[in-house]
Amino acid sequence: MRLMLSALVLAALSTAALAQSTGVAVTQAWSRASTPAAKTGAIYVTVTAGGPDRLTGASTPVAETAEVHQSKMTNGVMEMRPVEGGLAVTPGTPIHMAPGGYHIMLLGLKQPLQQGSHVPLTLNFEHAGAVNVEAVVAGPGASEPPRP
Amino acid sequence: MPETKPTRPAPTWRFAPIILAGFAVILLVAAGAIWFFGAPAPLQQAAAIGGPFSLTDGAGKPVTDKTYRGKYMLVYFGYTFCPDVCPTTLNDVAQAIDKIGPVADKLQPLFITIDPARDTPDVIRQYAAAFSPKLQGLTGTAAQIADVAKEYRVYYASHKTGPGPGDYTMDHSSILYVMDPSGHFAGVIRADEGPDAIAADLKKIVS
Ligand SMILES: [Cu+2]
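Residues numbered from 1 in each chain as written. Chains lettered and ligands numbered in written order. Predicted model: local features only at pLDDT ≥ 70, side-chain atom pairs only at ≥ 80, totals over all residues. Heavy atoms only, no water.

Regarding its fold elements, chain A presents one helix and 11 strands. Helices and strands appear in chain A in the N-to-C order α-β-β-β-β-β-β-β-β-β-β-β. Looking at the 148 residues of chain A, the share that counts as buried comes to 47%. When the accessible surface of chain A is summed, it comes to about 7,400 Å², and 56% of that surface belongs to carbon and sulfur atoms. (Helix = DSSP H or I, 4+ residues; strand = E, 2+ residues; numbered from the N terminus. Buried < 20%, exposed > 50% of the residue type's maximum accessible area, 1.4 Å probe, protein only. Areas by Shrake-Rupley, 256 points an atom, 1.4 Å probe, with all protein chains shown as cover.)

In structure tokens:
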């Protein structure tokens, strides 16, 4: 049992940043490769909260700004908007960010996102504070995170 | 002289115009849904979708709809500043093209920007090439883009997200259009149905 638990903790630590004292886990951070000319990018994460919290912002050294965004299709029209007031996280309902929905939008990309590289990302939560993760960069139009 | 009765309508019918208007809206929405999401087979409004355009390719060369005569055109409107939905669609299209084998040789996939202010020929060329060497990115002047969008009945609008001039995202129709080798409308394909369904629809339309 102890062994299994340590294995679980190790597995979690290797792919995730666990903000132990606060109860927010950010796992499976990934992004997509960009072209040299690209000024934007998107990072997807899975957020699991132990208590009610709110993702209020994000930052990364590879972009001037990072915002929580949502893409939405309404009557055949695609819209992308910043999420006003932050994204609420409820315990028991993890947020799985994926293409076509919630994402961390990178604006003013300072360097191309290269496939296979890792991008540092800090997520700011109302209660949990700052949580640091590394997003692994998949192919340009990947629909899911790269297999480890 | 008999007095005319006041012609106040019975209470039940007072709301008739509103009810009728409601029905009209429902009908319109239904028609719109059928138009957007109906079968990919040629539609009755065929003649009205698509038409001549003048644009610029990724090398900065002028192109028109006639440049692509002899091939089916698969046309998608979007913008490179979009890192979320557009890459998904273009990647699905690239995968679908790989799945249809020799049929792909009859097809020219085009990605037309609805954000020409940011999408220079160089930007759109790099972006399109990231998904498939076959995919061509096209841009143009604001007027040229407005013209081609109108012909394809594509809706687009900018949405401010901050105080700066570059702080905006674009709302845009997300649909794949297929035009036949003589430049006539051949069908629409849902852009969000995944590579397998796009490939199957392409096979049905392209012959
Ligand atoms: Cu976004």
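All names here are of chain B. Within the structure shown, the criterion is met by seven aromatic pairs over all chains. Summarising the aromatic geometry, the rings of F111 and Y127 are spaced 5.6 Å apart at their centres and angled 25 degrees between planes, so their arrangement reads as stacked. Of the two residues, F111 is situated in strand β4 (residues 107-113) and Y127 in helix α3 (residues 121-129); the sequence distance between them amounts to 16 residues. Y127 matches F111 in its accessibility class, with the two residues each being buried. (Phe/Tyr/Trp six-rings, centres within 6.5 Å; stacked < 30°, edge-to-face > 60°.)

All names here are of chain A. Around the copper ion, the protein contributes the donor atoms H69 (ND1), M80 (SD), H103 (NE2) and M105 (SD), which lie 2.2 to 2.4 Å from the metal centre. One can describe the site at the copper ion as tetrahedral: its four donor atoms subtend angles covering 100 to 115 degrees at the metal. Read in sequence order, the donor residues for the copper ion give the motif H-x10-M-x22-H-x1-M. A residue pair is termed long-range when its members are at least 10 positions apart, and M80 in strand β6 (residues 77-82) and M105 in strand β9 (residues 102-109) qualify at 25 residues. For the pair formed by M80 and M105, the shared burial category is buried. (Donors = N, O, S within 2.8 Å, 3.2 Å for Na, K, Ca; no water. Tetrahedral: all angles 85-135°; square planar, octahedral: opposite > 155°, others 65-115°.)

Turning to the interface of chain B and chain A, a few remarks are in order. Chain B puts 27 residues into the contact, and the matching count from chain A is 28 residues. Of the roughly 2,100 Å² buried at the junction of chain B and chain A (both faces included), carbon and sulfur atoms supply 61%. The largest per-residue losses of area from chain B upon contact with chain A belong to F81, P83 and D84 of chain B, which jointly make up 27% of the total buried on that side. The interface formed by chain B and chain A includes one salt bridge. At the junction of chain B and chain A, the tally comes to 15 residue pairs in polar contact (both at pLDDT 80 or more). Of all the secondary-structure elements, those providing two or more residues to the side of chain B that touches chain A are α1 (16-37), α2 (85-99), α3 and β7 (168-173) of chain B. Per element, the largest residue contribution to the side of chain B that touches chain A is five residues, and it comes from β7 of chain B. Of the residues that constitute the side of chain B that touches chain A, the class distribution is 14 nonpolar, 10 polar and three charged. Of the strand pairs in this sheet, β6 of chain A and β7 of chain B are connected by two bridges, and their pairing is antiparallel. (Contact = heavy atoms within 4.5 Å. Buried area = accessible area lost by both parts, 1.4 Å probe. Salt bridge = Lys/Arg side-chain N within 4 Å of Asp/Glu carboxyl O. Polar contact = N/O pair within 3.5 Å; in protein donor to acceptor, adjacent residues only side chain to side chain. Nonpolar A, V, L, I, M, F, W, Y, C, P; charged D, E, K, R; others polar. Pairing = 2+ DSSP bridges.)

Take the nonpolar core next. The biggest cluster of nonpolar side chains holds 59 residues, and the ones touching the most others in it are F53, F77, Y152, Y177 and L202 of chain B. When neighbours within four sequence positions are excluded, F53 of chain B is seen to be in contact with V63, T64, D65, Y68, M73, L110, L138, V148, E151 and Y152 of chain B. Counting 37 residues, the second largest nonpolar core, distinct from the first, contains V24, L55, I95 and L121 of chain A. (Core = buried A, V, L, I, M, F, W, Y, C linked by side-chain atoms within 4.5 Å.)

For the rest of this paragraph, the subject is the pairing of strand β2 (residues 24-32) of chain A. Residue and element names in this part refer to chain A. Where burial is concerned, most of β2 is hidden: seven out of the nine residues are buried. Inspection of the sheet shows β2 paired to strand β3 (residues 40-49) by six bridges, in the antiparallel sense. Looking at β3, one finds that V26 is bridged to V47. The pairing of β2 with strand β11 (residues 129-138) spans three bridges and is classified as parallel. Looking at the pairing, W30 lines up with V136 of β11.

A separate point is the pattern of salt bridges. All names here are of chain B. Counted by the stated rule, this structure contains 10 salt bridges over all chains. For the salt bridge of R125 with D122, the shortest nitrogen-to-oxygen distance reads 2.2 Å. Here D122 and R125 lie together in helix α3, a separation of three residues that amounts to about one turn. Residue classification places D122 among the partly exposed positions, given a relative accessible area of 36%. Here R190 makes a salt bridge to D192, at a shortest N to O gap of 2.9 Å.

Okay, helix α4 (residues 142-151) of chain B next. Residues spaced three or four apart along an α-helix face the same direction, because each turn holds 3.6 residues. Residue and element names in this part refer to chain B. Those residues of α4 not exposed but buried are I145, V148 and A149. Each buried residue of α4 lies within a common arc of 100 degrees when the element is viewed along its axis, so the set occupies one face. Elements that come into contact with the buried residues of α4 comprise β1 (54-57), β3 (72-78), β4, β5 (136-139) and β6 (156-160). Positive phi shows up at R153, right after α4, with a value of about 55 degrees. (Arc of directions from axis to C-beta.)

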